[in-house]
Amino acid sequence: MWPESVRRWTRRRFSADGPLGLRLTLACAAVFLVAVPFVVLLALVNARWAPLRHLDDVATVDTNTFVLRHRALAGPLRATAYVFHPWVFRVIVLAPAAWLLFRGARRLAAWAAVNVLVAGVLSAGLKMAVGRPRPALLSPIAHAGGASFPSGHALMTVVGTATIVLIVLPVLRGAWRAVAWAAAAVLSVVSGMCRVLLGVHYVSDVVAGWILGVAIVLATTAAFETWRPRMRRDPGRRPPGVSHRCRVL
């Protein structure tokens, strides 16, 4: 039998309403588990690990060859550079954030804005720090400026779609929640694949963008849970107002 003091500490720590509740603990663990692969990938890219370089080079040449053989794909692929541009998702996130702020959901609006800010700062900072050149192809389909690692398009697509899904999740019911997450996943995968098919990013750049995007959303969500004040609610009545209905976790 555990002492009563230990049992009380355990209940407080893993209480759903506690400052270090179970969901927050799991969120922090998820951030760690997601961040580890990114750190490993970053280290391998910085070390110019030969097997990873070979995989990136082969994938880049093969996808470029495929697009050159199917010229009809070139136009739509170039269009995706604008459709999935990071600024598109910044606007898609910041517009609802402004509406949430107007409706009084200040913390939720701040969380959405922080996601966009953190993603932009980390993307720019990592590109400068790593300084990885973009793929060099004899017959490129498209051109892009700046460094290659990580993919800003892939990163912001993950952050943008996940943020929107988490905002609207409380008003979705049943299978629509799965549909929303599936749509976010499909958009993120398509965005990253298009960057590789265009020849402006290596596969590892895109994978790093995906992983970092997930880590950002998990980390800011965990931080948001520590900031969100504890609210007592009547279980028999749904409180009015978006600030009470829209919860990230």
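Treat the numbers as computed from the prediction; the structure is a model and nothing was measured. (Residues numbered from 1 in each chain as written. Predicted model: local features only at pLDDT ≥ 70, side-chain atom pairs only at ≥ 80, totals over all residues. Heavy atoms only, no water.)

Asks: Before we move on, can you summarise the overall build of the chain with the specific residues and values?
Replies: A count of helical and extended segments in the chain gives ten helices and zero strands. Counting across all 249 residues of the chain, residues that qualify as buried make up 42%. As displayed, the chain offers around 14,000 Å² of accessible surface, 70% of which is attributable to carbon and sulfur atoms. (Helix = DSSP H or I, 4+ residues; strand = E, 2+ residues; numbered from the N terminus. Buried < 20%, exposed > 50% of the residue type's maximum accessible area, 1.4 Å probe, protein only. Areas by Shrake-Rupley, 256 points an atom, 1.4 Å probe, with all protein chains shown as cover.)

Asks: Any details on the packing of helix α5 (residues 86–102) against helix α6 (residues 106–130)? Residues and values, ideally.
Replies: Remark: α5 packs on α6, axes separated minimally by 7 Å, with the N-to-C direction vectors making an angle of 160°. In terms of their interaxial angle, α5 and α6 are classed as roughly antiparallel. α5 and α6 meet at a crossing whose hand is left-handed. Facing α5, whose interface residues are Arg90, Val93, Leu94, Ala97, Leu100 and Leu101, α6 presents Arg106, Leu108, Ala109, Ala112, Ala113, Val116 and Gly120. Looking at the contact of α5 with α6 residue by residue, the classes come out as ten nonpolar, one polar and two charged. (Axes fitted to C-alpha atoms, helices over the stretch in contact; angles between N-to-C directions. Parallel < 35°, antiparallel > 145°, perpendicular 65-115°, else oblique. Left-handed = near helix turned anticlockwise from the far one by under 90°. Contact = heavy atoms within 4.5 Å. Nonpolar A, V, L, I, M, F, W, Y, C, P; charged D, E, K, R; others polar.)

Asks: Residue-level account of the nonpolar core, with values.
Replies: One finds Phe38, Trp111, Phe149 and Val159 to be the most contacted residues of the largest nonpolar core, which totals 39 residues. For this core, the element with the most residues is α6, which contributes eight residues. Counting nine residues, the second-largest nonpolar core is a separate cluster that includes Val67, Leu77, Ile141 and Val200. (Core = buried A, V, L, I, M, F, W, Y, C linked by side-chain atoms within 4.5 Å.)

Asks: Residues and numbers for unusual backbone geometry, please.
Replies: The omega torsion across Phe149 and Pro150 is -5°, close enough to zero to call that bond cis. Of note, Pro150 is situated in the loop between α6 and α7 (152–168). Despite not being glycine, Arg48 shows a phi value in the positive range, around 55°. Structurally, Arg48 is set in the loop between α2 (22–46) and α3 (50–69). Owing to a relative accessible area of 59%, Arg48 belongs among the exposed residues under this scheme.

Asks: Break down the packing of aromatic side chains for me, citing the residues and quoting the values.
Replies: A full pass over the atoms with the stated rule returns two aromatic pairs. Arranged with centres 6.1 Å apart and planes meeting at 25°, the rings of Phe38 and Phe149 form a pair that is stacked. A residue pair is termed long-range when its members are at least 10 positions apart, and Phe38 in helix α2 and Phe149 in the loop between α6 and α7 qualify at 111 residues. Residues Phe38 and Phe149 agree in their burial class; the two are buried. Centre to centre, the rings of Phe84 and Phe89 are 6.4 Å apart; their planes meet at 10°, and the pair counts as stacked. Comparing Phe84 with Phe89 shows no difference in burial state: the two are buried. (Phe/Tyr/Trp six-rings, centres within 6.5 Å; stacked < 30°, edge-to-face > 60°.)

Everything listed here is a matter of coordinates, which is why it stays silent on function.
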